[in-house]
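Residue-level listing of the chains:
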Amino acid sequence: MNVRETGRFAWQGVTANKPRSALTTLGILIGVAAVIILVAVGTGSSRAVQDSISSLGSNTLTVSASANGGGGGFAGGGPGGFAIPGGGGPPGLLGGDTTTSQNATSTRAAEVTMDDAEAIATSDEAAHVLGVAPVVSAQSVTATYEGASHSVSTFTGTTASYLLIDNSEVQYGHTFTDDDYTAHRRVALLGRTVAEDLVGDDVSEAIGKQVSFNGFQFEVVGILAEKGSTGPQDQDDRVIAPATSVRDTLSGYGALDSISVKASSAEDVETAQAEVEAILDARHDVSASDRDYSVSSASSILEAATSSNKTFTVLLGAVAAISLLVGGIGVMNIMLVTVTERTREIGIRKAIGATRSDIVGQFLAEAVLLSLFGGLVGVAAGLVGSQFTIVGVDPVVAPYSVGLAFGVAILIGLFFGLYPANRAASLRPIEALRYE
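Below or above, wherever it landed, is the structure these notes cover. Remember, it's a predicted structure, so these values are computed and weren't measured experimentally.

### A short note on the packing of aromatic side chains
Okay, so step 1: On inspection of all chains with the given rule, the structure shows four aromatic pairs.
Okay, so step 2: With a centroid separation of 5.6 Å and 80° between ring planes, the pair formed by Phe213 and Phe218 is classed as edge-to-face. Accessibility assignment for this pair places Phe213 and Phe218 in one class, buried.
Okay, so step 3: A network of ring pairs unites the aromatic residues Phe155, Phe213 and Phe218 as a single cluster.

### Some points on the environment of Gly173
Okay, so step 1: Along the polypeptide, Gly173 turns up in strand β8 (residues 170-173).
Okay, so step 2: Taking the C-alpha atoms as reference points, Gly173 and Ala206, separated by 33 residues in sequence, lie 9.5 Å from one another.
Okay, so step 3: If we skip the residues at most four places from it in the chain, Gly173 touches Ile207, Val221 and Gly222.

### Side note on helix α8 (residues 269-284)
Each α-helix winds once per 3.6 residues, and so residues spaced three or four apart point in a common direction.
Okay, so step 1: Over its 16 residues, α8 runs 22 Å from end to end, which matches the ideal 22 Å to within 8%, given 1.5 Å per residue.
Okay, so step 2: Just past α8, the residue Asp285 takes up positive phi, approximately 55°.

### Topic: the pairing of strand β1 (residues 60-65)
Okay, so step 1: Across four bridges, β1 lies against strand β15 (residues 258-263) in antiparallel orientation. Bridge pairing in β15 links Val63 to Ile259.
Okay, so step 2: Pairing geometry for β1 and strand β16 (residues 293-297), over five bridges, is antiparallel. Paired with Thr62 across the bridge in β16 is Ser296.

### As for the packing of helix α11 (residues 356-385) against helix α12 (residues 399-425)
Between two packed helices, what matters for the description is the angle formed by their axes and the separation of those axes.
Okay, so step 1: Running from amino to carboxyl end, α11 crosses α12 at an angle of 155°, the nearest separation of the two axes being 7 Å. Taken as axis vectors, α11 and α12 run roughly antiparallel relative to one another. As for the relative orientation of α11 and α12, their crossing is right-handed in sense.
Okay, so step 2: Here the contact of α11 with α12 is built from residues that sort into 20 nonpolar, five polar and one charged.

### Details of unusual backbone geometry
Among all residues except glycine, the phi angle is most often negative; among peptide bonds, the trans geometry is most common.
Okay, so step 1: Here the phi dihedral of Ser140 falls at roughly 50°; this positive angle occurs in a residue that is not glycine.
Okay, so step 2: Within the secondary structure, Ser140 sits in the loop between β4 (129-138) and β5 (141-145).
Okay, so step 3: For Ser140, a relative accessible area of 69% gives the class exposed.
Okay, so step 4: Unusually for a residue other than glycine, Asp285 sits at a positive phi of about 55°.
Okay, so step 5: By secondary structure assignment, the location of Asp285 is in the loop between α8 and β16.

### Focus: the pattern of salt bridges
Okay, so step 1: Counted under the stated rule, the structure contains seven salt bridges.
Okay, so step 2: Salt-bridge contacts for Arg185 lead to Asp180; the nearest nitrogen and oxygen are separated by 3.0 Å.
Okay, so step 3: We classify Arg185 as partly exposed; its relative accessible area is 40%.
Okay, so step 4: For Asp281, the salt bridge is made with Arg291, and the minimal N-O distance between the two is 2.9 Å. Note that Asp281 is positioned in helix α8 and Arg291 in the loop between α8 and β16, a separation of ten residues in sequence.
Okay, so step 5: Among the ionic contacts, a cluster of salt bridges with common partners joins Asp166, Lys227 and Arg238.

### Looking at the pairing of strand β7 (residues 154-158)
When a strand is regular, its side chains alternate between the sheet's two faces.
Okay, so step 1: Of all five residues making up β7, four are buried, and the element is well covered by its neighbours.
Okay, so step 2: In the sheet, β4 pairs with β7 via three bridges, with the strands oriented antiparallel. Note that in β7 the partner of Ala138 across the bridge is Phe155.

### Some thoughts on the nonpolar core
Okay, so step 1: With 48 residues, the main nonpolar core has Val63, Phe155, Leu190 and Phe213 as its most contacted residues.
Okay, so step 2: It is α8 that provides the largest number of residues to this core, a total of five residues.
Okay, so step 3: Aside from chain neighbours lying at most four places away, what touches Leu190 is Ala195, Leu198, Ala206, Phe213, Val220, Gly222, Ile223, Leu224, Arg238 and Val239.
Okay, so step 4: With 31 residues, the next largest nonpolar core counts Ala320, Leu364, Ala367 and Ala405 among its residues.

### Considerations on empty space enclosed by the protein
Okay, so step 1: A full pass over the atoms with the stated rule returns one cavity of 30 Å³ or more.
Okay, so step 2: Of the pockets and cavities examined, the largest cavity occupies roughly 90 Å³.
Okay, so step 3: For the lining of the largest cavity, the elements supplying multiple residues, two or more each, are α1 (3-15), α2 (18-54), α9 (298-341) and α11.
Okay, so step 4: Residues belonging to the lining of the largest cavity are distributed by class as follows: four nonpolar, five polar and two charged.

### Section: a nonpolar patch on the surface
Okay, so step 1: A surface patch of nonpolar side chains, about 290 Å² in accessible area, is lined by Leu23, Leu26 and Ile30.
Okay, so step 2: Looking at where Ile30 falls in the secondary structure, it is placed in helix α2.
Okay, so step 3: Note on Ile30: relative accessible area 46%, which makes it partly exposed.

### With respect to helix α3 (residues 114-122)
Okay, so step 1: In terms of residue burial, α3 counts as a mostly covered element, since seven of its nine residues are buried.
Okay, so step 2: Within α3 the residues assigned to the buried category are Met114, Asp115, Asp116, Ala117, Glu118, Ala119 and Ile120.

Rules of the game
- Sequence order as written defines residue numbering, which begins from 1 separately in each chain.
- The predicted origin of the model limits local features to residues at a pLDDT of at least 70 and limits the giving and counting of side-chain atom pairs to 80 or more, whereas totals for whole chains, interfaces and linings rest on all residues.
- Calculated side-chain values reflect all of the structure's heavy atoms, with hydrogen atoms and water omitted.
- Pairing of aromatic rings covers Phe, Tyr and Trp, the last through its six-membered ring, and needs centres within 6.5 Å; plane angles under 30 degrees mean stacked, over 60 mean edge-to-face, and all others mean tilted.
- Throughout this description, buried means an accessible area under 20% of the type-specific maximum (1.4 Å probe, protein chains only), exposed means over 50%, and partly exposed covers the range between.
- Only DSSP runs of H or I reaching four residues or more are called helices, and only runs of E reaching two or more are called strands; each is numbered from the N terminus.
- What makes two residues a contact is simply this: any of their non-hydrogen atoms within 4.5 Å.
- To estimate the expected span of a helix, count its residues, drop one, and scale the result by 1.5 Å.
- For two strands to count as paired, DSSP must find a minimum of two bridges between them.
- Simply put, an axis is a line fit to the C-alpha atoms, just over the touching stretch for a helix, and the angle between two N-to-C directions goes from 0 to 180 degrees.
- Geometric relationships in this document are graded by angle, where less than 35 degrees denotes roughly parallel, more than 145 denotes roughly antiparallel, 65 to 115 denotes roughly perpendicular, and other angles denote oblique.
- Crossing handedness is defined as follows: a turn of the near helix away from the far one that is anticlockwise and smaller than a right angle gives a left-handed crossing, while the clockwise case is right-handed.
- Polar here means any residue outside two lists: the nonpolar Ala, Val, Leu, Ile, Met, Phe, Trp, Tyr, Cys and Pro, and the charged Asp, Glu, Lys and Arg; Gly therefore counts as polar.
- Salt bridge, as applied in this entry: a Lys or Arg side-chain nitrogen positioned within 4 Å of an Asp or Glu carboxyl oxygen.
- Only buried Ala, Val, Leu, Ile, Met, Phe, Trp, Tyr and Cys residues count toward a nonpolar core, and they belong to the same one when joined by side-chain atoms within 4.5 Å.
- Using a grid of 1 Å spacing that covers the protein atoms alone, one calls a set of points a cavity when a 1.4 Å probe fits there but cannot get out, and a pocket when the set is open and has protein on both sides within 12 Å along at least five of seven lines; lining residues are those with an atom within 4 Å of a point.
- Grid points are joined across faces, edges and corners, and a volume is the space filled by probe spheres set on the points.
- Every patch collects residues that have over 30% relative accessible area and no salt bridge, joining them within 9 Å if they carry like charges and within 5 Å if they are nonpolar side chains (Val, Leu, Ile, Met, Phe, Trp, Tyr).
- The Shrake-Rupley method, run with a 1.4 Å probe sphere, supplies the accessible areas, and residue values consider only the shown protein chains as cover.

Following this line, the structure appears as structure tokens:
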């Protein structure tokens, strides 16, 4: 029996009971679609995180306190305000670091301060540092304006140079200035999401308005250009204001949340990081083994996030693959039932000259047809399902997942169809003819 005849017999076998065949292919369909969609969700999540981190620039460093740091003796800070490229600070504003005394030994709490930012910005040793911006964050801030209110996701107090480091731009109005920072003026830049909730779609109307943040009035001087969302996180749900006014009103004069540093170029990131670490090591009286702070770069964060998301994507794909396995078991079950129902037919065919390979080929072809139909429809369903936002993530179809899911579906048909086909071929003609 040639391939054409085998295919014809297999088609007749599959279409003899259409509802049962459709339900059998449903398991394969769901498995293939689930693999494509879940891998697309993982890939989309990874892409969003990469875009978000990359938007900071590959030459951005973040200095933050390390909870595991020891912290030795403390070298005192500068006399007061500091000049940051694009920013500045008023004399006497920047508080020194908190020190405690125990057994006549001075120890330092694990924190980064305005004096640390000043030291980095003004040091001659930081030749590869382009900009420095202290960052303080106010928590649980609600913005209100003429009856409208909005809970701000991120409220950042910093200097004007932060926009350069963060790769942020002002779309309407203007940014706050060094004079605003020095004079503690209550001015603010609104993200588009905040502005829309307060004044409507024409966000430019917010310029010049007095908006209340937890009861403190700030004048809106600019609207930030849209950055979009990273998964469930809205990057436009933010407010940026001078750190001086934020500390006066919303956050208090504690330690900084972090210090943002911009290297002169992507090639100079490692050199700039070494310079920053040398400056802070001297100030904090620590070494590489017991630092009470950490310096991370956008590239290192990107590598860690990429690795984590790859693991997440593989896990999602593995979970989806289980449904493919279940679908294959369904194919095997139906084929065993089919062999039992068609025992007499098998006996007649073998009695008139059908060989073992003919019988194996027929039933194996039927199993593959069921998997083929399920795979094709599953690919279509997966591609369609990947066009919708899922749990806040825009899925990105990975071409390899389509080929992999479809190929595995066919292999499952072969694997789970082999046993029923062999069982059918092993029937003795005389016993098969006696059946029923």
